[in-house]
Amino acid sequence: MGQKKDLTGSEKSKIVRYLAEGCSSLKIAKLLKRDHRTIKRFIQNSQQGRKKRVEKPRRKITAHELRKVKRAAAKMPLATSLAIFQSCNITGVPKSTRCAILRDMAKVRKAERRPPLNKTHKLKRQDWAKKYLKTDFSKVLWTDEMRVSLDGPDGWAHGWIGKGQRAPVPLRRQQGGGGVLVWAGIIKDELVGPFRVEDGVKLNSQSYCQFLEDTFVKQCYRKKSASFKKNMIFMQDNAPSHASKYSTAWLARKGIKEEKLMTWPPCSPDLNPIENLWSIIKCEIYKEGKQYTSLNSVWEAVVAAARNVDGEQIKTLTESMDGRLLSVLAKKGGYIGR
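Residues numbered from 1 in each chain as written. Predicted model: local features only at pLDDT ≥ 70, side-chain atom pairs only at ≥ 80, totals over all residues. Heavy atoms only, no water.

Caption draft 1: A look at the overall build of the protein. Looking only at helices and strands, the protein has 15 helices and four strands in total. For the protein, the proportion of its 338 residues judged to be buried stands at 36%. Of the contacts made within the protein by residues no fewer than 6 positions apart, 74% connect residues no fewer than 24 positions apart. Of the roughly 22600 Å² of accessible surface on the protein, 51% is carried by carbon and sulfur atoms. (Helix = DSSP H or I, 4+ residues; strand = E, 2+ residues; numbered from the N terminus. Buried < 20%, exposed > 50% of the residue type's maximum accessible area, 1.4 Å probe, protein only. Contact = heavy atoms within 4.5 Å. Areas by Shrake-Rupley, 256 points an atom, 1.4 Å probe, with all protein chains shown as cover.)

Caption draft 2: Geometry of the side chain of Glu213. Structurally, Glu213 can be placed in helix H8 (residues 205-219). Not counting residues up to four positions away in its chain, the partners in contact with Glu213 are Lys218, Arg222, Trp250 and Lys254.

Caption draft 3: Looking closely at the packing of aromatic side chains. Taken as a whole and assessed by the stated rule, the structure comprises ten aromatic pairs. For the pair Trp183 and Phe195, a centre-to-centre distance of 6.1 Å together with 20° between the ring planes defines the contact as stacked. Taken as a pair, Trp183 in strand S2 (residues 179-187) and Phe195 in strand S3 (residues 190-196) lie far apart in primary sequence, twelve residues in all. The two residues Trp183 and Phe195 agree in class, both being buried. What links up through ring pairs into an aromatic cluster is the set Trp183, Phe195, Phe211, Phe216, Tyr221 and Phe234. Over the face of the ring belonging to Phe228 we find Lys224, whose NZ or CZ atom lies 5.1 Å from the ring centre. The lysine or arginine in question, Lys229, covers the ring of Tyr221, its NZ or CZ lying 5.5 Å from the ring centre. (Phe/Tyr/Trp six-rings, centres within 6.5 Å; stacked < 30°, edge-to-face > 60°. Lys NZ or Arg CZ within 6 Å of the ring centre and 35° of its normal.)

Caption draft 4: Inspection of the environment of Asn308 at higher detail. Among the secondary structure elements, Asn308 is positioned in the loop between helix H13 (295-307) and helix H14 (311-318). Sequence spacing of Asn308 and Ile281 is 27 residues, and the spatial spacing of their C-alpha atoms is 9.1 Å.

Caption draft 5: Here's a closer look at the sheet that holds strand S1 (residues 140-149). Across the sheet, four strands lie side by side as S3-S2-S1-S4; this open sheet has mixed pairing. Every interior strand has two partners, whereas the edge strands, S3 and strand S4 (233-235), have only one. Ignoring which end each strand starts from, the neighbouring axes of this sheet average 20° apart. In this sheet, S4 lies alongside S1 in parallel orientation, the contact comprising three bridges. What sits directly across from Trp142, in S4, is Met235. (Pairing = 2+ DSSP bridges. Axes fitted to C-alpha atoms, helices over the stretch in contact; angles between N-to-C directions.)

Caption draft 6: Inspection of H8 at higher detail. For H8, spanning 15 residues, the distance from its first C-alpha to its last is 20 Å, which sits close to the expected 21 Å at 1.5 Å a residue. Taken together, the buried positions of H8 are Ser205, Ser207, Tyr208, Cys209, Phe211, Leu212, Glu213, Thr215, Phe216 and Val217. Here the buried face of H8 lies against S1, S2, S3, S4, helix H10 (240-243) and helix H11 (245-253). For H8, the N-terminal capping position is held by Asn204, with its side-chain oxygen 3.2 Å away from the main-chain nitrogen of Gln206. (Expected span 1.5 Å × (residues − 1). Polar contact = N/O pair within 3.5 Å; in protein donor to acceptor, adjacent residues only side chain to side chain.)

Caption draft 7: How the structure looks around the confidence of the model for the protein. On average, the protein scores 86 in pLDDT, and the residues at 70 or more come to 86%. Looking at the elements of the protein, mean pLDDT is at its lowest for helix H3 (residues 36-48), recorded as 81, and at its highest for S4, recorded as 97. (pLDDT = per-residue confidence, 0-100.)

Caption draft 8: The arrangement of helix H15 (residues 321-330) in detail. For H15, the full list of buried residues reads Met321, Arg324, Leu325 and Val328. Taken around the axis of H15, the buried residues stretch over an arc of 95°, which confines them to a single face. Residues Leu326 and Ala330 are exposed on H15 and point more than 90 degrees away from its buried face. Buried residues along H15 sit against helix H7 (119-131), S1, helix H12 (274-285) and H14. (Arc of directions from axis to C-beta.)

Caption draft 9: Examining the packing of H12 against H13 more closely. Relative orientation of the contacting elements H12 and H13 amounts to 120°, with a least axis distance of 9 Å. What the angle tells us is that H12 and H13 run oblique. In this structure, H12 crosses over H13, and the sense of that crossing is right-handed. The residues of H13 that touch H12, namely those facing Ile281, Glu284 and Ile285, are Ala301, Val302, Ala305 and Ala306. (Parallel < 35°, antiparallel > 145°, perpendicular 65-115°, else oblique. Left-handed = near helix turned anticlockwise from the far one by under 90°.)

Caption draft 10: Just the packing of H8 against H11, in detail. Orientation of H8 relative to H11, taken along the N-to-C sense of each, is 25°, at an axis distance of 8 Å. Here H8 lies roughly parallel to H11, going by the angle between them. In this structure, H8 crosses over H11, and the sense of that crossing is right-handed. Note on element contacts: H11 touches H8 through Tyr246, Ser247 and Trp250, opposite Ser205, Gln206, Tyr208, Cys209, Leu212, Glu213 and Val217. Here the contact of H8 with H11 is composed, by residue class, of six nonpolar, three polar and one charged. (Nonpolar A, V, L, I, M, F, W, Y, C, P; charged D, E, K, R; others polar.)

Take a look at the structure:
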């Protein structure tokens, strides 16, 4: 008689579930049509717990090797402990020892989200702050795009879990599910948009200008008074589709040129108050680890969250610009941490 197969992962999961429901091992064996002794053996092994770990003697690291590791850690930011030790030709060191050594000379950190500012960037940020220091920012339309996904940014789904409760399992996808590109603007205490970029459209100079024509110009700008059009200053960042000659010429034909088109310093998302609006909206649509099953549903969530942002919140953001400019000058062009 041939030997029976071991319990499958599915069968083991069912055994645990049946035990939680109060079933006896004999009943579980009948439900799974497996030998009773096999079920009992699995239950007994599960209850024994893990075997006590036997500590192995650790490899000693010389002072010379420590200096080599320190130099390698400085040259290889964000590298793993294994990669650092291998670059020094130090082998046979377990992970726990490698990490213990590195803790004395380094820290585990994530990559910086913001690009480092060089000297030219900082000078341009200071020049920009000086140029617009006396500007009436209530007349500036701050614009930008934001991409939202079905699952939200990594690491956002966290919060308190009651004792005895299990954390919910997030929805897994074979592919990312795509996302929705959203454009909006804020001026004084008013939100312009949000408007959705058509799925599958890549924003180059032509499609960007056509998008603005179909949304911002037709649905908002044309309805404004002559006084508004005369005084409004249009702000956009230096994305290639924004700063191209084609886009600049198109904006000029709409009367948005020279002093009415704000120049923008490089690497400066921290100076744009609409970035704070995006944070407010994302916190709302992804709260409690919320996930979405379609692009339309996440877009509807963005629209609903945008409607809940009142004029006072927007006014607080636009009125923060004077403080931002002063902070840039105080930090000699460095990031202001907003």
